[in-house]
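# Working through the structure, step by step
The lines below spell out each chain.
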Amino acid sequence: MRARFPDFRLGNVLATSFTGTLSERHGNAVERIPTPHRLVDWLAVNGLAVDSSTTAQLALARELRESIHAAAATAAAIQDPLPATAVQVINDRSSQGRAAAVLTSDGERRWLLSSASCVEDALSVIAADAISILAGERDGKLALCASPTCQAAFFDTSQSRTRKWCDMNTCGNRQKKARFHANQSTSAK
Ligand SMILES: [Zn+2]
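These remarks concern the structure in this document. (Residues numbered from 1 in each chain as written. Predicted model: local features only at pLDDT ≥ 70, side-chain atom pairs only at ≥ 80, totals over all residues. Heavy atoms only, no water.)

## Concerning the overall build of the protein
A count of helices and strands for the protein gives six helices and six strands. When the helices and strands of the protein are read in sequence order from the N terminus, they spell out α-β-β-α-α-α-β-β-α-β-β-α. For 189 residues, the compact-globule estimate of 2.2 N^0.38 gives 16 Å, and the C-alpha radius of gyration of the protein, at 18 Å, lies within 12% of that figure. Projected onto its principal axes, the C-alpha coordinates of the protein cover approximately 65 × 45 × 40 Å. Across the 189 residues that make up the protein, the buried fraction comes to 38%. The contacts of the protein with a sequence gap of at least 6 include a subset with a gap of at least 24, amounting to 55%. (Helix = DSSP H or I, 4+ residues; strand = E, 2+ residues; numbered from the N terminus. Rg over C-alpha atoms; globule rule 2.2 N^0.38 Å. Buried < 20%, exposed > 50% of the residue type's maximum accessible area, 1.4 Å probe, protein only. Contact = heavy atoms within 4.5 Å.)

## What about the coordination of the zinc ion?
Ligation of the zinc ion by protein atoms is provided by C145 (SG), C150 (SG), C166 (SG) and C171 (SG), these donors lying 2.3 to 2.4 Å from the ion. Around the zinc ion sit four donor atoms, and with donor-metal-donor angles ranging over 105 to 118° the site reads as tetrahedral. In primary sequence terms, the donor set of the zinc ion follows C-x4-C-x15-C-x4-C. C150 matches C145 in its accessibility class, with the two residues each being buried. (Donors = N, O, S within 2.8 Å, 3.2 Å for Na, K, Ca; no water. Tetrahedral: all angles 85-135°; square planar, octahedral: opposite > 155°, others 65-115°.)

## Quick notes on unusual backbone geometry
The backbone of E24 sits at a positive phi, close to 50°, despite the residue not being glycine. Note on placement: E24 falls in the loop between β1 (22–23) and β2 (30–31). Residue class for E24 comes out buried when judged on its relative accessible area of 12%. You will see that Q151, though not glycine, has its phi angle at about 55°, which is positive.

See below:
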């Protein structure tokens, strides 16, 4: 029987979907890639299929994830210089993998990894995605989730750039429900 693991949250930005594999960072944290196998699953869902992952590769992935989170949180909150160690990890992962963008006949972009066993290649794609966001190359704005227990970094591509939550289905909904209950109890008095 396979153990039941926390579901993945799907987003349309690779780098922040990846940082979202650890959620509720300021509450009861939920680790969504608790095992190497779940990392393999996550990569497959995100178009970066690999055959397998070792525990050491999972550690590399988590180190990259936390570095992207640290850099994104700094970039979103304040205009301070990015944390040097985080930048180093992102750059190392980006430069130590080989992946090529390829075009399908349907006009879609896919990633071709140098070998199916290379988690490092997949991580280089994620690192490069984070770099393009952190460098301000993409249309959107880094922001932090308004939920106090979450505060996840997300990439706001809404026209008004006023998105408040990393994920409408979880953090957004919870906040709406909390407000609803607060209103209920004041009107009952
Ligand atoms: Zn959130």
